[in-house]
Amino acid sequence: MLFPPGLATLAAAIVLAARCLFLPHGSRHPFTSPPSRLALMPSPRDPMPWTPIAIALGAVLGALSRDYVTRFCLHHFGDRWPYGTLFANLTGSLLMGMGAAMLRPLDGAMAVKFFVFVGFLGAYTTFSSYILDILTLYRRGQLGRSVAYGLGSAIAGLLSLCLGYWLGMVIG
């Protein structure tokens, strides 16, 4: 493998974002338009070129937030239970529900939705960390905790999403 998977994904995202930034004005798709007259910024009438940028900016903030939450939980609660992943997934589900309700009327604000849902919350909550934590508990010989965490997180995440959606409807 030429690059580690994370680095290859980052490189692909940078290439896509760069291609979208240098689209000719009025282009609709970053891969089908020949680069005749390059523009430094996409046309404000065409929101799609902003999508990779919105996702990337949201992902940076979400990943950093996730790291800070994990460090905080490790420092205060230790590593006997994956509190950081649990907290991030539950608060992320809550925020996802609130955002789904509150941003629903903003049909034209796709860049905002991509920033929040795909970028920030996609990086903040990670299914792979959740599964790794289940496996870690199991490998430590804590089958009961592993099952409780796996099922409990899924159920609590669904409840958090529903609560967040309800809060978003009440607030928004």
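The structure contained in this document is the topic of the report that follows. (Residues numbered from 1 in each chain as written. Predicted model: local features only at pLDDT ≥ 70, side-chain atom pairs only at ≥ 80, totals over all residues. Heavy atoms only, no water.)

**So, the overall build of the chain**
Moving on, step 1. Across its full length, the chain carries 6 helices and 0 strands.
Moving on, step 2. A buried classification covers 33% of the 172 residues belonging to the chain.
Moving on, step 3. Of the contacts made within the chain by residues no fewer than 6 positions apart, 58% connect residues no fewer than 24 positions apart.
Moving on, step 4. Carbon together with sulfur atoms contributes 74% to the accessible area of the chain, which is approximately 10,800 Å² in total. (Helix = DSSP H or I, 4+ residues; strand = E, 2+ residues; numbered from the N terminus. Buried < 20%, exposed > 50% of the residue type's maximum accessible area, 1.4 Å probe, protein only. Contact = heavy atoms within 4.5 Å. Areas by Shrake-Rupley, 256 points an atom, 1.4 Å probe, with all protein chains shown as cover.)

**Comments concerning a nonpolar patch on the surface**
Moving on, step 1. On the surface, a nonpolar cluster with roughly 810 Å² of combined accessible area is contributed by Leu132, Leu135, Tyr138, Leu143, Val147, Leu151, Ile155 and Leu159.
Moving on, step 2. Sorting elements by how many residues they give to the nonpolar patch places helix α6 (residues 143–171) first, with 5 residues.
Moving on, step 3. Structurally, Leu159 can be placed in helix α6. (Patch = residues over 30% accessible without salt bridge, like charges linked within 9 Å, V, L, I, M, F, W, Y side chains within 5 Å. Salt bridge = Lys/Arg side-chain N within 4 Å of Asp/Glu carboxyl O.)

**A closer look at the environment of Ala100**
Moving on, step 1. For Ala100, the position within the fold is in helix α3 (residues 83–102).
Moving on, step 2. When the C-alpha positions of Ala100 and Gly168 are compared, they lie 7.5 Å apart, and in sequence the two are 68 residues distant.
Moving on, step 3. Discounting chain neighbours no more than four positions away, the residues touching Ala100 are Phe117 and Tyr165.

**Let's talk about the pattern of salt bridges**
Side chains that carry opposite charge are capable of pairing whenever their charged atoms lie near each other.
Moving on, step 1. The tally for this structure, following the rule as stated, stands at 2 salt bridges.
Moving on, step 2. Note that Asp67 is salt-bridged to Arg71, the shortest N-O span being 2.8 Å. Of this pair, Asp67 and Arg71 are both found in helix α2 (residues 51–77), 4 residues apart, which corresponds to roughly one turn of the helix.
Moving on, step 3. By relative accessible area, Arg71 is classed as exposed at 54%.
Moving on, step 4. Asp79 serves as the salt-bridge partner of Arg140, at 3.9 Å between the closest nitrogen and oxygen. Highlighted residues: Arg140 in the loop between α5 (127–139) and α6 and Asp79 in the loop between α2 and α3, separated in sequence by 61 residues.

As far as function goes, none of this settles anything; it's purely spatial.
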